[in-house]
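Tertiary structure, described
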Amino acid sequence: MITRSRRIVQRDDWTRQLRDAIGDPDALADYVRIPRNQLPGMRDANRLFRLKAPLSYLDRIDKGNPDDPLLKQILPVGAEATRAAGFSPDPVGDLAASPRPGIIHKYHGRALLVMTGACAIHCRYCFRRNFPYRDQQVDLEAVRAYLTAHAEIHELILSGGDPLTLLNTRLAELIEMLESVPHPRTLRIHSRLPIVLPDRLDAALGRLLGDSRLKIVLVVHANHPRELAPDVTVALRDFRPCCDALLNQSVLLRGVNDDADILAELSHRLFGAGVLPYYLHMLDKASGTAHFAVAEATASDIHRRLRALLPGYLVPRLVSEVSGEAAKSPLF
Ligand SMILES: *Cc1c(COP(=O)(O)O)cnc(C)c1O
Ligand code: SF4
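The model shown is predicted, which means the values in this text are computed figures rather than measured ones. Along each chain, residue indices are assigned from 1 in the same order as the chain's sequence is written. Chains carry letters from A onward and ligands carry numbers from 1 onward, assigned in written order. The model is predicted, so local features are restricted to residues of pLDDT at least 70 and side-chain atom pairs to those at 80 or more, both for listing and for counting; the totals for chains, interfaces and linings are taken over all residues. The basis for every side-chain value is the complete set of heavy atoms in the structure, and neither hydrogens nor water enter the calculation.

1. Some words on the overall build of the chain
Heads up, the condition is: Think of it this way: any DSSP run of H or I at least four residues long counts as a helix, any run of E at least two long counts as a strand, and we number them from the N terminus. Taken over C-alpha atoms, the radius of gyration is set against a globule rule of 2.2 Å times the number of residues to the power 0.38. Burial status follows relative accessibility: with a 1.4 Å probe on protein chains alone, a residue under 20% of its type maximum counts as buried, one over 50% as exposed, and anything between as partly exposed. The contact rule is simple, with two residues in contact once any of their heavy atoms fall within 4.5 Å. For accessible areas, the Shrake-Rupley method is used with a probe of radius 1.4 Å. Any residue's cover is judged against the shown protein chains and nothing else.
Of regular secondary structure, the chain possesses twelve helices and nine strands. Relative to the 2.2 N^0.38 estimate, which gives 20 Å for 332 residues, the radius of gyration of the chain is 19 Å and therefore close to what a compact globule would have. With the C-alpha coordinates of the chain rotated into their principal frame, the extents come out at 55 × 45 × 45 Å. With 332 residues in all, the chain has 55% of them scored as buried. The long-range share in the chain, meaning contacts at least 24 apart out of those at least 6 apart in sequence, stands at 82%. Of the accessible surface of the chain, which amounts to about 14,500 Å², a share of 51% is contributed by carbon and sulfur atoms.

2. Side note on the pairing of strand β5 (residues 215-221)
Note the threshold: For two strands to be treated as a pair, DSSP must find no fewer than two bridges joining them. With the strands aimed away from the viewer, a crossover counts as right-handed if its path from the first strand over the helix to the second runs clockwise.
Burial of β5 is extensive: six of the seven residues sit out of reach of the surface. As paired elements, strand β4 (residues 186-191) and β5 share six bridges and run parallel to each other. Along β5, the bridge assignment pairs Ser-191 with Val-220. Bridge count between β5 and strand β6 (residues 245-251): five bridges; the pairing is parallel. Across the sheet, the residue bridging to Val-217 is Ala-245, located in β6. In this fold, β5 hands off to helix α10 (residues 230-239), which returns the chain to β6; that crossover is right-handed.

3. Things to note about the site of ligand 1
Put simply, the rule reads: Any residue with a heavy atom positioned within 4 Å of a molecule or strand is treated as near that molecule or strand. Here a polar contact is taken to be a pair of N or O atoms separated by no more than 3.5 Å, where protein atoms must pair a possible hydrogen donor with a possible acceptor and residues adjacent in sequence count only if both atoms sit in side chains. Points on a 1 Å grid over protein atoms alone make up a cavity when a 1.4 Å probe fits among them but cannot get out, and a pocket when they form an open set with protein on both sides within 12 Å along at least five of seven lines; lining residues each have an atom within 4 Å of a point. A pocket or cavity is taken to hold a molecule when more than half of that molecule's atoms are within 2 Å of the pocket's grid points.
Neighbouring ligand 1 are Ile-104, Lys-106, Tyr-107, Arg-110, Leu-112, Ile-157, Arg-188, Tyr-278, Tyr-279, Glu-321 and Lys-328. Between ligand 1 and Arg-110 there is a distance of 2.7 Å, counted from an oxygen atom to a side-chain nitrogen or oxygen. In this structure, an oxygen atom belonging to ligand 1 sits 2.9 Å away from a side-chain N or O atom of Lys-328. Look at ligand 1: alone it shows 380 Å² of surface, and the protein chains cover 91% of it. Taken atom by atom, the bulk of ligand 1 overlaps the largest pocket. Secondary structure elements with two or more residues in the shell around ligand 1: β1 (103-107), β2 (110-113) and β7 (276-281).

4. A closer look at the site of ligand 2
Note the following rule: Any residue outside Ala, Val, Leu, Ile, Met, Phe, Trp, Tyr, Cys, Pro, Asp, Glu, Lys and Arg is labelled polar, Gly included; the first ten of those are nonpolar and the last four are charged.
Around ligand 2, the structure places Cys-119, Ile-121, Cys-123, Cys-126, Arg-192 and His-221. Among the detected pockets, ligand 2 sits in the largest pocket. Taken together, the residues of the shell around ligand 2 break down into four nonpolar, one polar and one charged.

5. Some details on helix α11 (residues 260-272)
Where we set the bar: To estimate the expected span of a helix, subtract one from its residue number and multiply by 1.5 Å. Directions drawn from the helix axis to the C-beta atoms are what define this arc.
If you check α11, its first and last C-alpha atoms are 18 Å apart, about what 13 residues at 1.5 Å a residue would give, namely 18 Å. Those residues of α11 that fall on the buried side of the exposure criterion are Ala-260, Leu-263, Ala-264, Leu-266, Ser-267 and Leu-270. Summarising the axial view, the buried residues of α11 lie within an arc of 155°, below the 170-degree limit, and thus occupy one face. At the N-terminal end of α11, a side-chain oxygen is found 2.8 Å from the backbone nitrogen of Asp-261, two or three residues along, and the residue is Asp-259. Where α11 terminates, the next one or two residues include Gly-274, which has phi positive at roughly 85°.

6. A short note on the layout of surface pockets
The probe, sized like a water molecule, is rolled over the atoms to show the empty space still left. Basically, it comes down to this: Grid points are joined across faces, edges and corners, and a volume is the space filled by probe spheres set on the points.
Estimates place the volume of the largest pocket at around 1,100 Å³. Together, 47 residues line the largest pocket, and Cys-126, Phe-127, Arg-128, Ser-159 and Gly-160 are the ones closest to its centre. Breaking the lining of the largest pocket down by element, the ones donating at least two residues are β1, β2, β4, β6 and β7. Grouping the amino acids of the lining of the largest pocket by side-chain chemistry returns 23 nonpolar, eleven polar and 13 charged.

7. A word on the packing of α11 against helix α12 (residues 296-309)
Note the cut-off: For helices, the axis comes from a line fit to the C-alpha atoms of the stretch in contact; other axes are also lines fit to C-alpha atoms, and the angle between any two N-to-C directions lies between 0 and 180 degrees. Note on angle classes: values under 35 degrees are labelled roughly parallel, values over 145 roughly antiparallel, values of 65 to 115 roughly perpendicular, and the remainder oblique. Take the far helix as your reference; a near helix turned counterclockwise from it by less than a right angle gives a left-handed crossing, and one turned clockwise gives a right-handed crossing.
Direction vectors running N to C along α11 and α12 enclose 45°, while the axes themselves pass 9 Å from each other. By the angle between their directions, the pair α11 and α12 is classed as oblique. Viewed along their axes, α11 and α12 form a crossing whose handedness is right-handed. In this structure, α11 contributes Ala-260, Asp-261, Leu-263 and Ala-264 to the contact, and α12 contributes Ile-302, Arg-305, Leu-306 and Leu-309. Of the residues contributing to the contact of α11 with α12, the split by class is six nonpolar, no polar and two charged.

Quick look at the structure:
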């Protein structure tokens, strides 16, 4: 049988790269060549949410520039200790929507499964920075029972933590379980690894996904065009035949991508890698992230300009997540 993964070449061992990720603030300062004393608050903020970034990602940062948009996404800063009105530990009500450990079932027909708390990179703006992952020990038999009892669920979404930090053997168990239930048609994977650690898109993963009877949707997560380094583009293009849809979601972040020209360039580069823009999320109001927030009026202006710059198929939907709503809420 010719598998859909036949084009993927040998990749470097991603598990080693994951282990080698930088987790020490001083090591980060040295790597990006910024004097440690120019990064005040880094050590304190690191105690709130530990720094983590793979070298593959750090190599795309402009050295010596504390305002680099890729650096800002991972650099612990003093502003994270600021309390801001409206910002809370669980801004989107995930804990209330969890019927079983690991399962979040908020939207019709789609259930989200958090199988791991681990990520390859710690994004400072992430709403899950305060999430009590320790409580989420996933039992696949319990997930099977839940799916079986909910015949309307046609899509299972693996989300963060980052599901592609799981080994292929664990993902294979999940796929086998999912295929044993008759009604789910689609497996969707939300992951930042294809962007920050492109070697994760290896041939074994391609076979695992490409050979499943399930429709496979891979939603990657890039916020800035410079994240689409040449090796990322190659890995995504090679992987495309293994998926039925290859999409991107971004978060609108002050000082990173709150600019229509930057977002337009991101869309063009994604398309060059075979990826279509899906969502542009308003920041979820998690404690410690207020300095990344973009006002709604500003976001709408940026999105209007983006619509004028791009063909419709390259415009991501600007949405926010409102606790208790039946879907993501559009903002335009
Ligand atoms: C965002 C989200 C989904 C997926 O929503 P789509 O609009 O289908 O992309 C599903 N479940 C939860 C809990 C979500 O937060
Ligand atoms: S869940 Fe996604 S956005 Fe959050 S820290 Fe992990 S990779 Fe980053």
